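Architecture at a glance
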Amino acid sequence: MNKKLVIVWSSVIVAFILIGIYGLSNVDRLVEDGAGGQIFLGSDERLRKCTYNTQKANITYNFIVGENNKNIGRMVITYKTNKVDPDRFKFSKAIGDTQVTGVSSEHKGQTDNFTLTMNVDMLAYTGAESAISTNLVSMDILLEKVLDYDTYILDLSKTYADDIKNLACS
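Quick caveat, the model's predicted, so the values are computed rather than measured.

1. Regarding unusual backbone geometry
Positive phi, normally seen in glycine, also occurs at Asp140, with a value near 65°. Asp140 gets classed as partly exposed once you look at its relative accessible area, which sits at 35%.

And the structure:
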C-alpha cells in the first residue's frame, strides 16, 4: 500500500514539475497589455502598440500582427479613465454588456475609475454597424474592420487629428 502511495505522489510531483518547465519556457509569449492583463502571442505573432492619452482617458490599441508586421489577426483595445465621467462610464458599461460577433468586452470599475477591455478577433468581427458603434464614437475609440496595420494607423491618425501629439505608435 505504501509503495502505491509513493508512486502516485511521485507521479504528481513530476507532472507539476513538467507543467512548470513548460510554463517557464513559454513565458516570453506573454506580453503585458498595459492594463494589468496579459496577451498571449502565438509563435508567428508580434505585438504592435498605439496609445492615445487625453485628460479624460488613456486608450491603448494592442495589435497582434503576423510575422510580416502587416496583417492584424486580433487586437486588444483598453480604455482607462483618468477622471470622473458618468457619460463615458455609461457608454463603457453598455459596450461591456453588449454581445458583438468577434468582440468580447469587459467593463470594470466605478464612475471615477473604470476600465473597458475589448478583445477583437479581426477575422470574426464583421465590421458592420453594430450595437456598440455609437458608444465607441462617444468614447473616442476607433474599431473598424481593417486587417492592414498601416491602414489602421492611418485611420487612427485621422480620428485623432485634432490632438495628434497625444497619439504614439510603436
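2. Quick notes on the sheet that holds strand β6 (residues 103-110)
Spatially, six strands are ordered β6-β7-β5-β4-β3-β8 in an open sheet, and the strand pairing comes out antiparallel. Each end of this open sheet is capped by a strand with a single partner; those strands are β6 and β8 (167-169). Strand-to-strand twist in this sheet, taken as the mean axis angle between neighbours without regard to direction, amounts to 10°. In the sheet, strand β4 (residues 57-66) pairs with strand β5 (residues 72-81) via nine bridges, with the strands oriented antiparallel. Residue Tyr61 lies in a different strand from β5, and its bridge partner there is Ile77. Its contacts with the sheet place helix α2 (residues 86-97) against β5, β6 and β7 (113-121), and it is angled at close to 140° to β6.

3. Re the pattern of salt bridges
Under the definition given, this model contains five salt bridges. Ionic pairing is found between Asp150 and Lys70, a salt bridge with its closest N-O pair at 2.4 Å. Taken together, the residues span a long stretch of sequence, with Asp150 in helix α4 (residues 149-159) and Lys70 in the loop between β4 and β5 at a distance of 80 residues. Looking at Asp150, the relative accessible area reads 40%, which means it is partly exposed. Lys70 sits in the partly exposed class, given a relative accessible area of 31%. In this structure, Asp85 engages Arg88 in a salt bridge whose closest nitrogen and oxygen atoms are separated by 3.4 Å.

4. Side note on the state of the cysteines
One pass over the structure, following the stated rule, counts one disulfide. Between the sulfur atoms of Cys50 and its disulfide partner Cys169 the distance amounts to 2.0 Å. Across the S-S bond of Cys50 and Cys169 the torsion is about 115°, and the bridge reads as right-handed. Taken together, the residues Cys50 in strand β3 (residues 45-53) and Cys169 in strand β8 connect sequence positions 119 residues apart. Residue classification places Cys169 among the partly exposed residues on the basis of a relative accessible area of 36%.

5. Side note on α2
The terminal C-alpha atoms of α2 lie 16 Å apart, and with twelve residues this matches the ideal 16 Å at 1.5 Å per residue to within 8%. Among the residues of α2, those classed as buried are Arg88, Phe89, Phe91, Ser92 and Ile95. Seen along its axis, α2 keeps its buried residues to an arc of 165°; they face one direction. Facing away from the buried surface of α2 by more than 90 degrees, the exposed residues are Pro86 and Asp97. Looking at the buried positions of α2, the neighbouring elements they touch are β5, β6, β7 and α3 (133-138).

6. Re the nonpolar core
Inside soluble globular proteins, nonpolar side chains tend to come together where they are buried. Formed by 35 residues in total, the largest nonpolar core has its most connected members in Tyr61, Phe63, Met118, Ile141, Leu143, Tyr152 and Leu156. Contributing elements (two or more residues each) for this core: β3, β4, β5, α2, β7 and α4. Sort the elements by how many residues they give to this core and β4 lands first, with five residues. Sequence-distant contacts of Ile141, defined by excluding residues within four places in its chain, comprise Ile59, Tyr61, Ile77, Tyr79, Leu116, Leu136 and Tyr160.

7. Observations regarding the environment of Glu45
Summarising the element assignment, Glu45 is placed in strand β3. The exposure class assigned to Glu45 is buried, which follows from its relative accessible area of 18%. Placed 28 residues apart in sequence, Glu45 and Gly73 show a C-alpha to C-alpha distance of 8.7 Å.

The rules behind each value
Residues numbered from 1 in each chain as written. Predicted model: local features only at pLDDT ≥ 70, side-chain atom pairs only at ≥ 80, totals over all residues. Heavy atoms only, no water. Buried < 20%, exposed > 50% of the residue type's maximum accessible area, 1.4 Å probe, protein only. Pairing = 2+ DSSP bridges. Helix = DSSP H or I, 4+ residues; strand = E, 2+ residues; numbered from the N terminus. Axes fitted to C-alpha atoms, helices over the stretch in contact; angles between N-to-C directions. Contact = heavy atoms within 4.5 Å. Salt bridge = Lys/Arg side-chain N within 4 Å of Asp/Glu carboxyl O. Disulfide = S-S within 2.5 Å. Expected span 1.5 Å × (residues − 1). Arc of directions from axis to C-beta. Core = buried A, V, L, I, M, F, W, Y, C linked by side-chain atoms within 4.5 Å.

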